[in-house]
Amino acid sequence: MSVAAVAADRSVCAPLPVLGRDVRVPLVTGGEVDYAALDYAASAPALQRVWDDVAAYAPYYGSVHRGAGYLSQLSTDLFENSRRTIAEFLGCRADDQVVFTRSTTDSLNLLAAALPQGTRVFVFETEHHASLLPWEQRADVAVTYLDAPRTPQQAVDTLEKALAEREPYGPALVCVTGASNVTGELWPVRELAAAAHAHGARIVLDAAQLVPHHPVDLAELDVDWVAFSGHKLYAPFGAGVLAGRADWLQAAAPYLAGGGASRKVSRRTDGGVDIEWHTTAARHEAGSPNVIGAYAIASACQALTEAGFPALIAREQQLIDRLRAGLTEVPEVQVLSLFGADAARVGVLSFVVEGWNSSHFAAALSAEYGIGVRDGLFCAHPLVRTLLGSDPQDPGECGAPEAAPGERSLNAIRVSFGVGTPDEHVDRFLRAVTELVTNGATWNYRTEDGRCVPARSAD
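What counts, and at which threshold
- Residues numbered from 1 in each chain as written.
- Predicted model: local features only at pLDDT ≥ 70, side-chain atom pairs only at ≥ 80, totals over all residues.
- Heavy atoms only, no water.
- Pairing = 2+ DSSP bridges.
- Helix = DSSP H or I, 4+ residues; strand = E, 2+ residues; numbered from the N terminus.
- Axes fitted to C-alpha atoms, helices over the stretch in contact; angles between N-to-C directions.
- Contact = heavy atoms within 4.5 Å.
- Disulfide = S-S within 2.5 Å.
- Buried < 20%, exposed > 50% of the residue type's maximum accessible area, 1.4 Å probe, protein only.
- Core = buried A, V, L, I, M, F, W, Y, C linked by side-chain atoms within 4.5 Å.

Peer 1: Help me understand the sheet that holds strand E6 (residues 142-146) in this model?
Peer 2: Pairing between sheet strands relies on hydrogen bonds along the backbone, with the strands arranged either parallel or antiparallel. What the 7 strands build is an open sheet, ordered E4-E10-E9-E8-E7-E5-E6; its pairing is mixed. Where the open sheet ends on each side, the last strands, each with one partner, are strand E4 (97-101) and E6. Between one strand axis and the next, the sheet turns by 20 degrees as a mean value, whatever way the strands run. In the sheet, E4 pairs with strand E10 (residues 240-244) via 5 bridges, with the strands oriented antiparallel. Counterpart to Gln 97 in the pairing with E10 is Gly 244. Running over the sheet, helix H7 (residues 189-198) touches strand E7 (172-177) and strand E8 (202-206) and is turned about 155 degrees from E8.

Peer 1: How do you make sense of the state of the cysteines when you look at a structure like this?
Peer 2: Cysteine pairs can be linked by a disulfide, which is a covalent bond between their two sulfur atoms. Scanning all chains against the criterion turns up 0 disulfides. No disulfide involves Cys 301; its nearest neighbouring cysteine sulfur is the one of Cys 92, lying 10 Å away. On the accessibility criterion, Cys 301 (1% relative accessible area) is buried.

Peer 1: How should the nonpolar core be read in this particular structure?
Peer 2: Considering soluble globular proteins, one finds that nonpolar side chains tend to be buried as a cluster. Counting 85 residues, the largest nonpolar core has Ile 86 and Leu 90 as the members making the most contacts within it. Counting residues per element, this core draws most heavily on helix H10 (residues 291-307), which supplies 10 residues. Of all hydrophobic cores here, the second largest spans 34 residues; its members include Leu 323, Phe 351, Val 415 and Val 437.

This is the structure:
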């Protein structure tokens, strides 16, 4: 069998091929195995389609905007066509803007910088730090943190109450996730948007974990902005998107001052300069843009659209059901959830194992089974603390265990998957969990540089 045929066979159950599907990794117990990438929620592998599209464009790469050369003009067309492709993918309205950023974090910091003075921001404590923290950077913006809801309806009721009681009645922004990066649970975005607008507030959707799994339509969800990262959407190269209403963005000072953001700069007689800034998305895209990153996102959007979200969602739900059923059979496993076992979710699930340090468990999955998962607090510290029932002051740090292997520490294990995940990866994961809980690790582990790693021998 050819290498290509072997690679195709390994991913036969995955809807879309991704890079790395044929990577072999060594095991501490001897031999090697196909790497099972189950950490999509951190960074999803690149779609083969995206990689091929970028490789085909690479020889024609050139500077965008204002260049007279053929490659510059071609790159400019590619960049702006990518913006239009993404706008269509997101269901943008006619007057919405699509601004290219570095990531979800960058997008939400950009929006935070553009808020009108005196804006009050409402954000649930359950948010990823990317959507929890940017608002604190503005001294003239007030932030109201809302307690973790235990049902979708409680989320809507909590927001309704907080908005109704706000004083003074000025500009307001609600920030909410579409799907939790810890539990994978879907949030009632449309209902939260309706509540926000009923009280004169705007809403931004953190879609970092939602957009790779479900269609996101700004008009249908009636959200004012959406933010996401390319590297969650099977597109590498460090690009992100902030899409939505233009008025606050146009009224704000440029996020970065420099070339590309300015239309005209002239000296004044007093020795200073007068600056006329763009009112388009370019206003917040100073500097040489990440053309390849933008094109990669557009390519991923096209690939997902052509594959069809209904089919992708149905197949992912089969893996979710398989995963949940398998973990239910292991009494020592506690799955973390806000909304309950039957809540709708994407392919993201976190859990703890009785008698295990989560970092030790994750290290054993990697070293002994070739399975990559995530452990820690997932850059959502308040949420994980709430789910684990810990005191806010209990020690804990994202990805850095404080306890020795076998001792409990304030962290959890997260498994996540997507369109490139074969059935075998989920089956191997479930088998590994059962074997580790039943028989323990076959290797010894130690903490080194804040990570749990295999010792040099099993002695």
